[in-house]
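Working through the structure, step by step
Below are the chains, spelled out letter by letter.
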Amino acid sequence: MNAMDNGPNLPKLESGTHPFASTPCERLRAVHVRIARAAADAGRDAATVRLLAASKTFDAAEVRAMAACGQHEFGENYLQEALEKQTTLRDLQLEWHFIGPIQSNKTRAIAEHFSWVHSVDRLKIAERLSAQRPPDLPPLQVCIELNVSGEASKGGVAVAELPVLAEAVSRLPGLRLRGLMAIPAPATDVATQRAAFRQVREAYEALIARGHALDTLSMGMSADLDAAIREGATIVRIGTALFGERIKNA
Ligand SMILES: *Cc1c(COP(=O)(O)O)cnc(C)c1O
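**Considerations on helix α7 (residues 190–209)**
Between the first and last C-alpha of α7 there are 28 Å, a value that for 20 residues agrees with the 28 Å anticipated at 1.5 Å per step. Looking only at α7, the buried set comprises Q193, A196, F197, V200, A203, Y204 and L207. Across the axial projection of α7, the buried residues extend over an arc of 105 degrees, all falling on one side. Opposite the buried face of α7, at more than 90 degrees from it, the exposed residues are V190, A191 and A209. In this fold, the buried residues of α7 make contact with β5 (140–147), α6 (162–170), β7 (175–182), β8 (216–218) and α8 (225–230). G211 occupies a position one or two residues after α7 and carries a positive phi of about 105 degrees.

**Topic: the pattern of salt bridges**
Pairing is possible between side chains of opposite charge, provided their charged atoms come close. Counted by the stated rule, this structure contains 14 salt bridges. Across the pair D41 and R230 runs a salt bridge, and its minimum N-O distance is 3.9 Å. Within this pair, whereas D41 is found in helix α1 (residues 24–41), its partner R230 is found in helix α8, the two being separated by 189 residues in sequence. With relative accessibility at 55%, the residue D41 sits in the exposed group. With its nearest N and O atoms 3.7 Å apart, the salt bridge here joins R122 to D121. Beyond isolated ion pairs, a larger network of salt bridges with shared partners links R194, R198, R201, E205 and E231.

**A word on the site of the ligand**
In the region of the ligand, the neighbouring residues are A54, K56, N77, I99, I183, M221, S222, R237, I238, G239, T240 and R246. The contact in question runs from an oxygen atom of the ligand to an N or O atom on the side chain of N77, over 2.7 Å. Here T240 contributes a side-chain N or O atom positioned 2.5 Å from an oxygen atom of the ligand. In the complex, the protein chains occlude 90% of the 390 Å² of accessible area that the ligand would expose alone. Grouping the amino acids of the shell around the ligand by side-chain chemistry returns 5 nonpolar, 4 polar and 3 charged.

**Re the nonpolar core**
Core analysis: the biggest nonpolar cluster contains 67 residues, and L129 and L180 have the highest contact counts within it. Beyond its immediate sequence surroundings of up to four residues, L180 is in contact with C143, I144, L146, L162, V200, A203, Y204, L207, T216, L217 and S218. By size, the runner-up hydrophobic cluster in this structure holds 7 residues, among which are L52, I99, W116 and C143.

**Comments concerning the confidence of the model for the protein**
Scored by pLDDT, the protein has a mean of 92; 89% of the residues are at 70 or more. Note on residues 1–8: pLDDT under 50 across the span, and 13 contacts to partners over four residues away in sequence or across chains. Residue range residues 10–18 is modelled with pLDDT below 50. Its contacts to residues more than four positions away, or to other chains, number 9 contacts.

Definitions and cut-offs
- Residues numbered from 1 in each chain as written.
- Predicted model: local features only at pLDDT ≥ 70, side-chain atom pairs only at ≥ 80, totals over all residues.
- Heavy atoms only, no water.
- Helix = DSSP H or I, 4+ residues; strand = E, 2+ residues; numbered from the N terminus.
- Expected span 1.5 Å × (residues − 1).
- Buried < 20%, exposed > 50% of the residue type's maximum accessible area, 1.4 Å probe, protein only.
- Arc of directions from axis to C-beta.
- Contact = heavy atoms within 4.5 Å.
- Salt bridge = Lys/Arg side-chain N within 4 Å of Asp/Glu carboxyl O.
- Near = heavy atom within 4 Å.
- Polar contact = N/O pair within 3.5 Å; in protein donor to acceptor, adjacent residues only side chain to side chain.
- Areas by Shrake-Rupley, 256 points an atom, 1.4 Å probe, with all protein chains shown as cover.
- Nonpolar A, V, L, I, M, F, W, Y, C, P; charged D, E, K, R; others polar.
- Core = buried A, V, L, I, M, F, W, Y, C linked by side-chain atoms within 4.5 Å.
- pLDDT = per-residue confidence, 0-100.

Right, dumping it as structure tokens:
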């Protein structure tokens, strides 16, 4: 596949377009070009990398504008904010992913209103999501969040505890375990970025070797998506590069 063919319904950039893209469609296109380049560098087909637009703090109108450019999958961190956007945008066929920390009193609404959850990191939450998933919906697609930076304050399960959690999650009837998600500590050099993502990939491959049928590595954000794709990311979660800097503290 040619890099320029990547992504659905993307308008062509006119020659002479300013390199610092400023419309939503230009920013989306620029991210697809970055994905295509990183995939090509990794010897991968760019179609194996999905773009999840991380839209926290951006309002429904901004999500609508990005959807009009051809983006359909959106990731949200805050339940109330997400539910409001979903209501405003219910005329669109969007796929919603929950990517933020999960409190137990939020699991029912998450199980009811999202297709995916990337941030499962303890069994109690997984059990609640499974039990509360409405039976008329397909199983909730989930990733287990892995803590690779070893910071106790950060979300995610420790690598040593991953196999037991994955085994338990994979048995829950309302969930379908798809893979792993990680948010490594920010690093500016590519070698450090890649080392963290490599740890996630190795943990993922170890689960596959134990018999789990996984296909998703959710890793890479605006600053490190290239390194993540080099290490096997199948979903990159991109906020700033698509929507601009967040003004609210998030
Ligand atoms: C905000 C957020 C992103 C996107 O981060 P950017 O650096 O703005 O691209 C990705 N993943 C999660 C879990 C987030 O909270």
